[in-house]
Amino acid sequence: MVPVQLTACFNTLLTDTVNLSRFKLELLDERVGNVYRALKEDEEIGHLVLDKIPQGSWAQRTIIDPVGDNEFDADFLLLMEENPDWHDSPKTYIDKVYAALHRHSRYGEMPHSRKCRCVRLVYKNSMHVDIVPYVQLSDGRSVIVNRDDNCWEATDPEGFTTWMRQQDGITGGNLRKVIRLMKYLRDHKNSFTGTRSIILTTLLGNQVSATKKLLDPGYYANVPTTLLHLVQDLNTYLQANTTKPSIADPSGSGVTFDHRWTQATYTYFRERIRVHAAEIEDAYHEPDKETSIELWQDLFGSGFKEPESQQSSAKFPAATTSVAAVTTTGRSGRAG
């Protein structure tokens, strides 16, 4: 029997449960803009502040709604002009950004702190923003600061975004959705806790293959099919590596993400992906629709369901479909 394709249920899960709401995305954009303007207007470092560049999950459109009342977070690069006086002490960039916030009339009253690579600004019961000083040195290197070691670290945010766009394009825009689903399993279902988003994103993106799509044009046909194949391929890769493999930055910056997890974290992740791959295969290949929905709900929870309009239509075929469609109030989420 042919398996059912529950693409509408996946759309409902993503839109109503997984995706960060449009309201929060707009709030994030507004707050980052305000912080940037405050730093730009600072009397001491404002002349060095050149631009703001979203990065991480926010930039890659893989950010998801946080668990319960937990904060959601976003990073942005603060492009700063190189100051030759600080060249031998890169951590000065973080210290100066921290000091600028500290003396600001509004942000000085809010919780803010210095981390290894950023300055963190915390909003009450909502979110925090990590401000990452980013410098293009006169020798041609693009770098961020490692404050703990007081040194530069190479980075290529544009290269990573280009790689992400390329891999997502091969899958017809389904890679980003699969990454959000897998982050949802990690955060909301307590699966493979400890695996950082940058590693999960890179590992899933590395599984995308133009050759496999050429051999099978339907390999990334929709969200459930892409989820099935990417997790299967990731599981094959992980099971072939009992020891934590080196994960290179796909932007070509020359750095790796190896320091972002341990062998113990990797071993746990490897085992959990093996389990999830089997669960996904069972749910995907189940020919009975109701049974398939139950299997997907075992994995993703009650948010995996048919759209309200289809549920109402099934119960009241003629009278309520249009009403249900009009009155649906799920979060708008993000497109694509």
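Look up a bit, the structure's there.
A short tour of the structure in this document, coming up. (Residues numbered from 1 in each chain as written. Predicted model: local features only at pLDDT ≥ 70, side-chain atom pairs only at ≥ 80, totals over all residues. Heavy atoms only, no water.)

All right, on to the environment of Gly-218 then. Here Gly-218 shows up in the loop between helix H8 (210-215) and helix H9 (223-239). Given the relative accessible area of 29%, Gly-218 is considered partly exposed. The spatial distance from the C-alpha of Gly-218 to the C-alpha of Asn-206 is 19 Å, given a sequence separation of 12 residues. (Helix = DSSP H or I, 4+ residues; strand = E, 2+ residues; numbered from the N terminus. Buried < 20%, exposed > 50% of the residue type's maximum accessible area, 1.4 Å probe, protein only.)

Applying the stated criterion across every chain, the model contains 12 aromatic pairs. Centre to centre, the rings of Phe-192 and Phe-269 are 5.3 Å apart; their planes meet at 90 degrees, and the pair counts as edge-to-face. With a gap of 77 residues between them, Phe-192 in the loop between helix H6 (174-188) and helix H7 (197-207) and Phe-269 in helix H10 (residues 263-285) connect regions that are remote in the sequence. For the pair Phe-192 and Phe-269, a shared accessibility class is recorded, and that class is buried. Here a set of aromatic residues connected by ring pairs shows up, and it is made of Phe-10, Trp-296, Phe-300 and Phe-304. Between Lys-52 and the ring centre of Tyr-36, over which it is positioned, the NZ or CZ distance is 5.9 Å. (Phe/Tyr/Trp six-rings, centres within 6.5 Å; stacked < 30°, edge-to-face > 60°. Lys NZ or Arg CZ within 6 Å of the ring centre and 35° of its normal.)

Okay, the nonpolar core next. Burial of nonpolar side chains together is a common tendency in soluble globular proteins. Judged by nonpolar contacts, the single largest core of 48 residues is most densely connected at Leu-181, Met-182, Leu-227, Phe-269, Trp-296, Phe-300 and Phe-304. At the level of elements, helix H1 (7-18), helix H5 (157-170), H6, H7, H9, H10 and helix H11 (289-300) are the ones that each hand at least two residues to this core. Core analysis: the next-biggest nonpolar cluster, separate from the first, contains 38 residues, Leu-25, Val-32, Met-127 and Val-143 among them. (Core = buried A, V, L, I, M, F, W, Y, C linked by side-chain atoms within 4.5 Å.)

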